[in-house]
Amino acid sequence: MEFSLAEEVRRQLEEALRKRGRVNIVIAGRSGVGKSTLINAVFQGNLAETGQGRPVTQSAREYTKEGIPVALLDTRGLEMERYRETVEQLEREVQSRAQDPDARNHLHIAWVCVSEDSRRVEPGESAMAAMLARHMPVVAIITKARADGGFRDEVQKLLPMARNVVRVRALREQDDEGHVLEPRGLVDLIDLTMQLVPESQRDALAAAQKVSVAQKKARARLIVAGAATTAALTGASPIPFSDALVLVPIQIGMLASVSANFGLSPSQLFLTTLISAAGGGFMATVSGQSIVSGLLKFVPGAGTLAGALISGTTAASITTIFGEAYVSVLTRLFERDRERTPSEQEIAEAFREELTRPRSTH
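Chemist: Can you help me understand the packing of helix 2 (residues 35–42) against helix 7 (residues 186–196) in this one?
Modeler: Any two packed helices are characterised by how steeply their axes cross, that is the angle between the axes, and by the distance between the axes. Here helix 2 crosses helix 7 at 80 degrees, and the two axes come no closer than 11 Å. Classified by the angle between their axes, helix 2 and helix 7 sit roughly perpendicular to one another. Across the interface between the two elements, L38, A41 and V42 of helix 2 pack against L186, L189 and I190 of helix 7. Of the residues belonging to the contact of helix 2 with helix 7, the class tally is six nonpolar, no polar and no charged.

Chemist: Help me understand the pattern of salt bridges in this model?
Modeler: Where side chains of opposite charge bring their charged atoms close, a pairing between them can arise. On inspection of all chains with the given rule, the structure shows 26 salt bridges. Across the pair E122 and R30 runs a salt bridge whose closest N-O atoms are separated by 3.5 Å. Taken together, the residues span a long stretch of sequence, with E122 in the loop between strand 5 (109–115) and helix 5 (123–133) and R30 in the loop between strand 1 (23–28) and helix 2 at a distance of 92 residues. Summarising the burial analysis for this pair, E122 and R30 share the class buried. A salt bridge links R104 to D102; its shortest N-O distance comes to 3.0 Å. Via salt bridges that share partners, R30, R120, E122 and E125 belong to a single interconnected network.

Chemist: Looking at this structure, how should I read the packing of aromatic side chains?
Modeler: In this description, a pair of aromatic rings is defined by centroid distance and the angle of the planes. A full pass over the atoms with the stated rule returns four aromatic pairs. Ring centres of F262 and F334 lie 5.4 Å apart, and the angle between their planes is 50 degrees; on these two criteria the pair is classed as tilted. Here F262, found in the loop between helix 10 (248–261) and helix 11 (268–279), pairs with F334, found in helix 14 (residues 312–336); they are 72 residues apart in sequence, far enough to count as distant. Each member of the pair, F262 together with F334, is buried. A ring pair is formed by Y326 and F351, whose centres lie 5.1 Å apart and whose planes are at 55 degrees; its orientation type is tilted. Taken together, the positions of Y326 in helix 14 and F351 in helix 15 (residues 344–356) put the pair 25 residues apart, joining distant regions of the chain. Counting every residue linked through ring pairs, the aromatic cluster contains F322, Y326 and F351.

Chemist: Help me understand the environment of M128, please; the structure alone is not making it clear to me.
Modeler: Take M128: it is sitting in helix 5. Using a relative accessible area of 0% as the deciding quantity, one classes M128 as buried. Spatially, the C-alpha atom of M128 lies 8.0 Å from that of Y83, the residues being 45 residues apart in sequence. Ignoring sequence-local partners within four residues, the contact set of M128 consists of A28, T75, L78, T86, V87 and L90.

Chemist: I would appreciate a short explanation of unusual backbone geometry in the present structure.
Modeler: Note: most residues except glycine have negative phi, and most peptide bonds are trans. A positive phi angle, near 45 degrees, is found at N46, a position not held by glycine. Mapping N46 onto the fold places it in the loop between helix 2 and helix 3 (47–50). For R119, which is not a glycine, the phi torsion comes out positive at approximately 60 degrees. Relative to the helices and strands, R119 resides in the loop between strand 5 and helix 5.

Chemist: When you look at the pairing of strand 6 (residues 138–143) in this model, what are you seeing that I'm missing?
Modeler: When a strand is regular, its side chains alternate between the sheet's two faces. Burial analysis of strand 6 places six of its six residues in the buried class, the great majority of the element. Alternating positions in strand 6 separate into two faces, V138, A140 and I142 on one and V139, I141 and T143 on the other, with burial throughout. In this structure, strand 5 lies alongside strand 6, joined through six bridges in parallel fashion. Residue pairing across strands places V112 opposite A140, the latter belonging to strand 6. As for the winding sense of the linkage, the β-α-β connection from strand 5 through helix 5 to strand 6 is right-handed. At this point the chain moves from strand 6, through helix 6 (residues 151–158), to the parallel strand 7 (residues 164–167), and the crossover so formed is right-handed.

Criteria and thresholds
- Residues numbered from 1 in each chain as written.
- Predicted model: local features only at pLDDT ≥ 70, side-chain atom pairs only at ≥ 80, totals over all residues.
- Heavy atoms only, no water.
- Axes fitted to C-alpha atoms, helices over the stretch in contact; angles between N-to-C directions.
- Helix = DSSP H or I, 4+ residues; strand = E, 2+ residues; numbered from the N terminus.
- Parallel < 35°, antiparallel > 145°, perpendicular 65-115°, else oblique.
- Contact = heavy atoms within 4.5 Å.
- Nonpolar A, V, L, I, M, F, W, Y, C, P; charged D, E, K, R; others polar.
- Salt bridge = Lys/Arg side-chain N within 4 Å of Asp/Glu carboxyl O.
- Buried < 20%, exposed > 50% of the residue type's maximum accessible area, 1.4 Å probe, protein only.
- Phe/Tyr/Trp six-rings, centres within 6.5 Å; stacked < 30°, edge-to-face > 60°.
- Pairing = 2+ DSSP bridges.
- Right-handed = clockwise from strand over helix to strand, strands pointing away.

These values are about where atoms sit, not about what they do.
Here it is as structure tokens:
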């Protein structure tokens, strides 16, 4: 059967996005607590401003945005006179979703927000946290954090069902005397949430959030390790260099998955450009040998002659070098400007430079 690059790229791209899935977060709190500001500070795409809100109950809307693998169920009406109705409506929604056979539609974690300005936990906030904790992990978030004064300990005491309490300040602030308060707690919030959501939702969380490049990198490196293991199994019975094409689908799938986990919306054209950047003559021959031959020189003892055998160890080494180079490039570009997603051209050029950079073989 003839190998089709376009078809392989399409297939691997669809599989990468399917595996990434989506994480669904309940974010609860009274009006004015700063939920929208928090959402826009943590997630890509200004979701609270430009996301599509779908009513799910009279007092809750679900926000999503194309290409960002998170759904946020924003509850309202926790003020004194309405909170019982709000809590009851949301519990029915939670229970309904829990019965859905597709776990991607379940609600995976709840953020219950309390403003530090208020210096108190309202009955509606306590009732909501208690209800949600019966169905999923709950994180208590103190918003607009400026001066604790023991309030965090008070929240922990009043919301004992919360797995932890995180103080956050979503925006940079400056007071009348010129003192600057930088954003705080956002990385801690994502790190804690990553521990509490199901494993199957962690790639989606890493991709959707923008405050922790370290989490994107950590999840991407797991993908590279998995691809290297698959490559090693492929080469368990040494394959001739002339048959190196069998490694190419593994490389394409790895590129697609790493791209998706960094929050990119990879297209077939983008992946094809990356492959071209990595392989030089790959696009002309569609043989896969240019990728392999270009990387074999970095693997001590692997050899570079046509007709050489590629062992499982060598196949894994090639895949690891290839994947780690791509992860390194994306990490560097995202850390340079966390508010802007690098362009496809920037990524492809940086990837080409990374792969041609001299490496030590010792």
